[in-house]
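Coordinate analysis (summary)
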Amino acid sequence: MVRNIVILGGNSHPTLTEHICNILGLPVGNRTLSKFAVGETRCEIKDSVRGKDVFIIQSGGGSVNDHLMELCIMISACKIGSAKRVTAVLPLFPYSRQPDLPYNKVGAPLSKPPCEVPQGKYTFESVPATPGPGIDKTPGLNNDTDLSRALNRTTITNGNGHGHGHGLVNGAARSNGESSTTVDPNPAPPRPGLTTMHTQSFTTHDLQNPALINTFQAKPGYKRWVAQAGTLVADLLTCAGADHVVALDLHDPQYQGFFDIPMDNLYGRPLLQRYIQQNVPDFKDAVIVSPDAGGAKRATAIADSLGMEFALIHKERRPTRITDRQNATMMLVGNVANRVCILIDDLVDTANTITRAAKLLRKERATTVYALITHGVFSGDAIQRINLSAINKIVVTNSVPQDEHRRVCPKLDVLDISPIFAEAIRRIHHGESISVLFQYD
């Protein structure tokens, strides 16, 4: 029995909330959480939370946006009710797959591809040459060139090609070592409507020159503006009044750095390892496989802990021929012939990657394919795709409700994570260490 604590649950996963409360010997907090006819969320905390340690359990599956708004409103209601501390417990963290710097399909940051730049011209990717014997420290300047005299011959311009102002950019001297006496043999003609800095300063967003805005071209290295969902969700929870956040197997561990409040990331690795040891025959002879390069670190941690071999499936997105060891855009690195394979990943949404990985493993003569996943979201026709796939058994946790999925998918096994969260809540309430829960090696 834990005293002076209140556990509230949202509408996302009431079964998990009940299991956690049963383990802790506590009743589920009484609250009203409904919607008005217009769709707005209505929240009323009916139990007293004054001076209490409040834990709000809300997962991110299903209607993610509605559940996130419910969580923020419940946190605010508890803070208004003079709760001593409010901890948001999110088994599946919402928007966890949207880091602040999104990536395109080839894995590079979204930016304008570098264009052809004449030799010796400055770009954002330019790197000064390494000094050495017989190499000028400042490329473009002869040994007998007087730098101060060359700077005196330049004129200050606004970078529009007038005069010899290539040594100064917007009135500031260049610092990348490029010659200040170089004169472009084909200077760009002055653009219409553009004035010099002596009369008017101009930017591409000047409303007096709207025609120039459409012709603006980003220079190499200019990154497009993108939504920063990671910091936004962190700021929403913090501004709502959360004092502590607990999540399970964040897709991007960098999310912990988005918070200005304590953030605990629990691990589902002990559950997955225990399942392998107890349910996979001769697991020492099996192979741990990561379905993509992003989950290699997670899979190798389990492989090293259990003393098993490791293989990697690499997504090759370049236009290459489909060879014997490549299934469409996926290539296998490692040997899985006549062995049991265990796919390890943190999240399955549409199940496209995991089913294609299983198909490739079967093509490489794997005998049995297991898939161990922390978060089984199963959006769209994911369950149907798994039923028709080469996967023999798929194992997920109940971080999101799995009752309906288990009814229609005979291959699905579910692991209970409520003991992990119950013990984490107890330790947080008493000020004990969380890290000792995962010191199992």
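Residues numbered from 1 in each chain as written. Predicted model: local features only at pLDDT ≥ 70, side-chain atom pairs only at ≥ 80, totals over all residues. Heavy atoms only, no water.

**Some points on the pattern of salt bridges**
- For the structure on display, the rule yields 16 salt bridges.
- Here lysine 79 ties to aspartate 243 by a salt bridge, and the two come within 3.1 Å at their closest N and O atoms. A residue pair is termed long-range when its members are at least 10 positions apart, and lysine 79 in helix 2 (residues 64-80) and aspartate 243 in the loop between helix 5 (229-240) and strand 8 (244-248) qualify at 164 residues.
- Looking at lysine 79, the relative accessible area reads 31%, which means it is partly exposed.
- A salt bridge links glutamate 404 to arginine 407, with the shortest nitrogen-to-oxygen separation between them at 2.4 Å. Of the two residues, glutamate 404 and arginine 407 are both situated in helix 10 (residues 403-408); the distance of three residues between them amounts to about one turn of the helix.
- Relative accessible area serves as the criterion here: at 60%, arginine 407 is assigned to the exposed category.
- Through salt bridges that share partners, Glu423, Arg426, Arg427 and Glu432 make up one connected network. (Salt bridge = Lys/Arg side-chain N within 4 Å of Asp/Glu carboxyl O. Helix = DSSP H or I, 4+ residues; strand = E, 2+ residues; numbered from the N terminus. Buried < 20%, exposed > 50% of the residue type's maximum accessible area, 1.4 Å probe, protein only.)

**Quick notes on the pairing of strand 14 (residues 340-348)**
- Burial within strand 14 is extensive, with nine of its nine residues counted as buried.
- Sheet analysis places strand 10 (residues 287-290) next to strand 14, joined by three bridges and oriented parallel. Following the sheet pairing, valine 289 is matched in strand 14 by leucine 343.
- Looking at chain direction, strand 14 and strand 15 (residues 368-376) are connected through eight bridges and run parallel. Bridge pairing in strand 15 links leucine 343 to alanine 371.
- Where the polypeptide runs from strand 14 across helix 8 (residues 352-363) and back to strand 15, its parallel neighbour, the crossover connection is right-handed. (Pairing = 2+ DSSP bridges. Right-handed = clockwise from strand over helix to strand, strands pointing away.)

**Quick word on the pairing of strand 10**
- Because side chains alternate across strand 10, one face comprises the buried residues Val287 and Val289, and the other comprises Ile288 and Ser290, equally buried.
- Bridge analysis of strand 10 against strand 11 (residues 309-315) gives four bridges, and the strand direction is parallel. Note on strand 11: the bridge partner recorded for valine 289 is alanine 311.
- After leaving strand 10, the chain enters helix 7 (residues 296-306) and then returns to the sheet as strand 11, a path that is right-handed.

**Describing the nonpolar core**
- Ile7, Ile20, Leu266, Ile276, Ile288, Ile342 and Leu372 are the most contacted members of the largest nonpolar core, which has 43 residues in total.
- Examining the composition of this core, we find that six residues originate from one element, helix 11 (residues 418-430), more than from any other.
- Ranked by size, the runner-up nonpolar core spans 31 residues in total, among them Val54, Leu90, Ala242 and Phe259. (Core = buried A, V, L, I, M, F, W, Y, C linked by side-chain atoms within 4.5 Å.)

**Details of helix 11**
- Helix length check: helix 11 (13 residues) gives 18 Å between terminal C-alpha atoms against 18 Å at 1.5 Å per residue, within 8%.
- Along helix 11, the positions that sit buried rather than exposed are Ser418, Ile420, Phe421, Ala422, Ala424, Ile425, Arg427, Ile428 and His429.
- At the C-terminal side of helix 11, glycine 431 shows a positive phi close to 75°. (Expected span 1.5 Å × (residues − 1).)

**A closer look at helix 1 (residues 14-24)**
- Taken together, the buried positions of helix 1 are Leu16, Thr17, Ile20, Cys21 and Leu24. Seen end-on, helix 1 carries its buried residues on one side only, within an arc spanning 135°.
- Of the surrounding secondary structure, the elements contacted by the buried residues of helix 1 are strand 1 (5-9), strand 4 (53-57) and helix 11.
- With its phi angle positive at about 70°, glycine 25 sits one or two positions after the end of helix 1. (Arc of directions from axis to C-beta. Contact = heavy atoms within 4.5 Å.)

**Comments concerning the confidence of the model for the chain**
- Residue-level pLDDT values for the chain average 79, and 67% of them are 70 or greater.
- Across residues 122-126, where pLDDT falls below 50, the model places nine contacts with residues more than four positions away in sequence or in other chains.
- Scored below 50 in pLDDT, residues 193-207 shows 20 contacts in the model against residues more than four places distant or in partner chains. (pLDDT = per-residue confidence, 0-100.)

**Observations regarding the packing of aromatic side chains**
- Overall, the coordinates contain four aromatic pairs when judged by the stated rule.
- Between phenylalanine 93 and phenylalanine 259, the ring centres sit 6.0 Å apart and the planes meet at 85°, which makes this aromatic pair edge-to-face. Separated by 166 residues along the polypeptide, phenylalanine 93 in the loop between strand 5 (85-90) and helix 3 (147-152) and phenylalanine 259 in the loop between strand 8 and strand 9 (263-266) bring together distant segments of the chain. The residues phenylalanine 93 and phenylalanine 259 share a single accessibility class, namely buried.
- An aromatic cluster is defined as three or more aromatic residues linked by ring pairs; in this entry it consists of Phe93, Tyr255, Phe258 and Phe259. (Phe/Tyr/Trp six-rings, centres within 6.5 Å; stacked < 30°, edge-to-face > 60°.)

**Some details on the packing of helix 2 against helix 5**
- Where helix 2 meets helix 5, the closest approach of the two axes is 8 Å, and the angle between their N-to-C directions is 25°. Comparing the axis directions of helix 2 and helix 5 gives the class roughly parallel. Counted together, Leu68, Leu71, Cys72, Ile75, Ser76 and Lys79 of helix 2 and Val233, Leu236, Leu237 and Ala240 of helix 5 form the full contact between these two elements.
- Here the residues of the contact of helix 2 with helix 5 are counted per class, giving eight nonpolar, one polar and one charged. (Axes fitted to C-alpha atoms, helices over the stretch in contact; angles between N-to-C directions. Parallel < 35°, antiparallel > 145°, perpendicular 65-115°, else oblique. Nonpolar A, V, L, I, M, F, W, Y, C, P; charged D, E, K, R; others polar.)

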